[in-house]
Amino acid sequence: MVQSLHTHSGPRVPFSVEFNPPRDAAGEARLWRTVREFERMHPAFVSMTYGAGGSTKDRTARITGQLAQQTTLLPVAHLTAVGHSVAELRALVGAYADCGIRNILVLRGDPPGDPLGEWRRHPGGVEYADELVRIVRDLGDFHVGVASFPQGHHRSPDLATDTAFLAAKLRAGADYSITQMFFDVDHYLRLRDRVAAHDPIEGAKPIIPELMPITSLRTVQRAVELSGRELPKPVLDRLRRAAGDGPEENRAAVRAAGIEIATEMARRLIAEGAPCLHFITQNFAKATGEVLTNLGYEVTAAPLSA
């Protein structure tokens, strides 16, 4: 599991956050302001996404290295198989290691251009994430995470097959998994039960739920669409009521509803024994900080960004 969670002994369930590689200099400046805000909140770890098809590989690697070397945060580096040969993957893992990064989240990754399009293996690469787990494990003493899917991956023919794939990744040497974003806690609980029933040993490894505090109906609908899923009807109805009937959604009302939904989900996940709460931040700190405050966490500095 991620290294810092082994030694966590505080009164609260640990939380972690996910950043996206910025597109330009202004976005990078904003990211670093957000990083410093979260640094004062003491997350268990932070992760930096990778971009479809490795489209942000260089920026992801550089900023992840800077997080390791220039902050007190524990970074988890993303690594995807799309568009990379085994030699390139090994080189990237080596570059992470040179920066002192020992935590890597292994993902097969989405095709460039269309995340729901046909997946093609690089001629010199790997087909499945369990192969990539083994590559990382063979290169040194790394803590390795993988992805899990509460409703099953959209490419899996059924939940039984999806569960078998997750168990295979864990058996290959992964220490834990982080779920795809979801909005129904029952889906997370069923995933946990399925893995435990399929393989009790691997099912005992932590499954970290990923939460997205919603601040825009349009944005979350697009994000869920790209994952191959749909918003649960009760959540969608709640957000639509908040959005109103005008030509533009009522962003303040949607945001308030989104914070409430994330807080309710987090409370239930904590009650059900989730090992950590992993927040999608979209490179802003305020929404996640509000959810944490609602949960009774001590947010030591008021977030500055929206």
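Residues numbered from 1 in each chain as written. Predicted model: local features only at pLDDT ≥ 70, side-chain atom pairs only at ≥ 80, totals over all residues. Heavy atoms only, no water.

Caption draft 1: The packing of helix 6 (residues 159-171) against helix 7 (residues 185-198), seen in detail. Where helix 6 contacts helix 7, the two axes come as close as 10 Å, and the packing angle between them is 70°. Taken together, the axes of helix 6 and helix 7 lie roughly perpendicular to each other. Relative to helix 7, helix 6 is oriented so that their crossing is right-handed. Of helix 7, the residues touching helix 6 (which contributes Leu-159, Thr-163, Ala-164, Leu-166, Ala-167, Leu-170 and Arg-171) are Leu-191, Arg-194, Val-195 and His-198. Partitioning the contact of helix 6 with helix 7 into residue classes produces seven nonpolar, two polar and two charged. (Axes fitted to C-alpha atoms, helices over the stretch in contact; angles between N-to-C directions. Helix = DSSP H or I, 4+ residues; strand = E, 2+ residues; numbered from the N terminus. Parallel < 35°, antiparallel > 145°, perpendicular 65-115°, else oblique. Left-handed = near helix turned anticlockwise from the far one by under 90°. Contact = heavy atoms within 4.5 Å. Nonpolar A, V, L, I, M, F, W, Y, C, P; charged D, E, K, R; others polar.)

Caption draft 2: Highlighting the pairing of strand 4 (residues 103-107). The buried fraction of strand 4 amounts to five of the five residues, a majority that puts the element mostly inside the structure. With burial as the criterion, each face of strand 4 is covered, one bearing Asn-103, Leu-105 and Leu-107 and the other bearing Ile-104 and Val-106. Both strand 3 (residues 75-80) and strand 4 contribute to a ladder of four bridges, which runs parallel. Bridge pairing in strand 4 links Thr-80 to Leu-107. Running through helix 4 (residues 86-98), the crossover from strand 3 to the neighbouring parallel element strand 4 is right-handed. Examined bridge by bridge, strand 4 and strand 5 (residues 143-148) share four bridges and lie parallel to one another. From the neighbouring strand, Ile-104 faces strand 5, where its bridge partner is Val-144. (Buried < 20%, exposed > 50% of the residue type's maximum accessible area, 1.4 Å probe, protein only. Pairing = 2+ DSSP bridges. Right-handed = clockwise from strand over helix to strand, strands pointing away.)

Caption draft 3: Molecular detail of the packing of helix 7 against helix 11 (residues 251-271). One can describe the packing of helix 7 onto helix 11 by two numbers: an axis separation of 10 Å at closest approach and a directional angle of 30°. On the basis of the axis angle, helix 7 is roughly parallel to helix 11. Viewed along their axes, helix 7 and helix 11 form a crossing whose handedness is right-handed. Along its contact with helix 7, which presents Val-185, Asp-186, Tyr-188 and Leu-189, the element helix 11 presents Met-265, Arg-268 and Leu-269. Here the contact of helix 7 with helix 11 is composed, by residue class, of five nonpolar, no polar and two charged.

Caption draft 4: Fine view of the packing of aromatic side chains. Counting across every chain of the model gives four aromatic pairs. Ring geometry for Phe-19 versus Phe-38: centroids 6.0 Å apart, planes at 55°, classification tilted. Highlighted residues: Phe-19 in strand 1 (residues 15-19) and Phe-38 in helix 2 (residues 25-39), separated in sequence by 19 residues. Each member of the pair, Phe-19 as well as Phe-38, carries the same accessibility label: buried. Ring centres of Phe-182 and Tyr-188 lie 5.9 Å apart, and the angle between their planes is 10°; this geometry places the pair in the stacked category. No difference in accessibility class separates Phe-182 from Tyr-188, as the two residues are buried. A cation over a ring is seen here: Arg-102 above Phe-142, with NZ or CZ 4.3 Å from the ring centre. (Phe/Tyr/Trp six-rings, centres within 6.5 Å; stacked < 30°, edge-to-face > 60°. Lys NZ or Arg CZ within 6 Å of the ring centre and 35° of its normal.)

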